[in-house]
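Next come the chains, spelled out residue by residue.
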Amino acid sequence: TFVDQELSAAELERTFIAIKPDGVQRGLISDIIARFEKKGYKLVAIKLVHPTKDFAEKHYDDLKGRPFFNGLTDFLSSGPVVAMVWEGQGVIKYGRKFIGATAPLASEPGTIRGDFAISVGRNIIHGSDGPETAKDEIALWFKPEEILTYKKETDKWLYE
Ligand code: IDP
Ligand code: MG
């Protein structure tokens, strides 16, 4: 039966999602989590972290040298962040669709940034932009033992 099957590699795809300090302060944690949860994605790791400036610079390493880098890393390290790993088929790409465009005013209504944010420097959520960054970001934010593998009864209603 399905429940005894091993999950396929696609179903085990994982992405790193973070609710930035503005999303936490504005009380948007549950709205954001609900969207991933209701889609059918599986939460496999979660913690509240207050990143240091140094850690924020590591996270945004690829943006070093951009004019907004200092403000961005100051902001990410300004308060608690909800760090998560979500798992499921297509979760990296679909997670980005859920989030919307980098600039909230360019994000469609129905997306997280489209519905809840206005300015690019306060766009409330981060999501990995591809398989390589997902792998690197998960490894940066989580120890392997903090990421759980488990079955949900609903898996069989989500995947055929
Ligand atoms: P992403 O979060 O949609 O992947 P990136 O280009 O990776 O966008 O940039 C990371 C973060 O840096 C953005 O989410 C946004 O908060 C901030 N950012 C990007 N471009 C600008 C800008 O032009 N001004 C201010 N902040 C920016
Ligand atoms: Mg990015």
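Residues numbered from 1 in each chain as written. Chains lettered and ligands numbered in written order. Predicted model: local features only at pLDDT ≥ 70, side-chain atom pairs only at ≥ 80, totals over all residues. Heavy atoms only, no water.

**Notes on the overall build of the protein**
For step 1, the next point in the chain: Helix and strand content of the protein: eight helices and four strands.
For step 2, the next point in the chain: Taken against the 2.2 N^0.38 rule, which gives 15 Å for 160 residues, the C-alpha radius of gyration of the protein at 16 Å falls within 12% of a compact globule.
For step 3, the next point in the chain: Seen along its three principal axes, the alpha-carbon backbone of the protein occupies a region of about 55 × 35 × 25 Å.
For step 4, the next point in the chain: A burial count over the protein gives 44% of its 160 residues as buried.
For step 5, the next point in the chain: Considering only contacts within the protein whose residues lie at least 6 apart along the sequence, 78% involve residues at least 24 apart.
For step 6, the next point in the chain: Carbon and sulfur atoms make up 56% of the accessible area of the protein, which totals about 8900 Å². (Helix = DSSP H or I, 4+ residues; strand = E, 2+ residues; numbered from the N terminus. Rg over C-alpha atoms; globule rule 2.2 N^0.38 Å. Buried < 20%, exposed > 50% of the residue type's maximum accessible area, 1.4 Å probe, protein only. Contact = heavy atoms within 4.5 Å. Areas by Shrake-Rupley, 256 points an atom, 1.4 Å probe, with all protein chains shown as cover.)

**What to know about the layout of surface pockets**
For step 1, the next point in the chain: In this structure, the largest pocket encloses a volume near 580 Å³.
For step 2, the next point in the chain: Together, 25 residues line the largest pocket, and Lys20, Tyr60, Leu63, Leu72 and His126 are the ones closest to its centre.
For step 3, the next point in the chain: Contributing elements (two or more residues each) for the lining of the largest pocket: helix 3 (53-59), helix 4 (69-76), strand 4 (125-127) and helix 7 (131-141).
For step 4, the next point in the chain: When residues of the lining of the largest pocket are assigned to their parent elements, the largest contribution, four residues, is made by helix 7. (1 Å grid on protein atoms, 1.4 Å probe; cavity = no way out; pocket = protein on both sides within 12 Å on 5 of 7 lines; lining within 4 Å. Points joined across faces, edges and corners; volume = space filled by probe spheres on them.)

**Some points on the pattern of salt bridges**
Once their charged atoms are close, side chains differing in charge can pair, the charge on each being opposite to the other.
For step 1, the next point in the chain: Tallied over the entire structure, the rule returns eight salt bridges.
For step 2, the next point in the chain: Arg14 is the partner of Glu87 in a salt bridge, and the nearest nitrogen-oxygen pair spans 2.8 Å. Of this pair, Glu87 sits in strand 3 (residues 81-87) while Arg14 sits in strand 1 (residues 14-19), placing them 73 residues apart in sequence.
For step 3, the next point in the chain: Residue Glu87 is classed as buried on the basis of its relative accessible area, which comes to 3%. (Salt bridge = Lys/Arg side-chain N within 4 Å of Asp/Glu carboxyl O.)

**Looking at the site of ligand 1**
For step 1, the next point in the chain: In the vicinity of ligand 1, the contacting residues are Lys20, Tyr60, Leu63, Phe68, Leu72, Arg96, Thr102, Arg113, Val120 and Asn123.
For step 2, the next point in the chain: Thr102 is positioned with one of its side-chain polar atoms (N or O) 2.6 Å from an oxygen atom of ligand 1.
For step 3, the next point in the chain: Contact with the protein chains hides 75% of the accessible area of ligand 1, taken as 530 Å² for the molecule alone.
For step 4, the next point in the chain: Given that more than half its atoms are within 2 Å of the pocket grid, ligand 1 belongs to the largest pocket.
For step 5, the next point in the chain: Its residues assigned to classes, the shell around ligand 1 shows five nonpolar, two polar and three charged. (Near = heavy atom within 4 Å. Polar contact = N/O pair within 3.5 Å; in protein donor to acceptor, adjacent residues only side chain to side chain. Sits in = over half its atoms within 2 Å of the grid points. Nonpolar A, V, L, I, M, F, W, Y, C, P; charged D, E, K, R; others polar.)

**Things to note about helix 4**
An α-helical turn contains 3.6 residues, so a residue and the one three or four places further along point in the same direction.
For step 1, the next point in the chain: Buried within helix 4 are the following residues: Phe69, Leu72, Thr73, Phe75 and Leu76. Along the axis of helix 4, the buried positions cluster into a sector of 160°, meaning they face one direction only.
For step 2, the next point in the chain: On its buried face, helix 4 sits against helix 1 (21-25), helix 3, strand 3 and helix 7. (Arc of directions from axis to C-beta.)

Interpretation in functional terms is not warranted from these geometric data alone.
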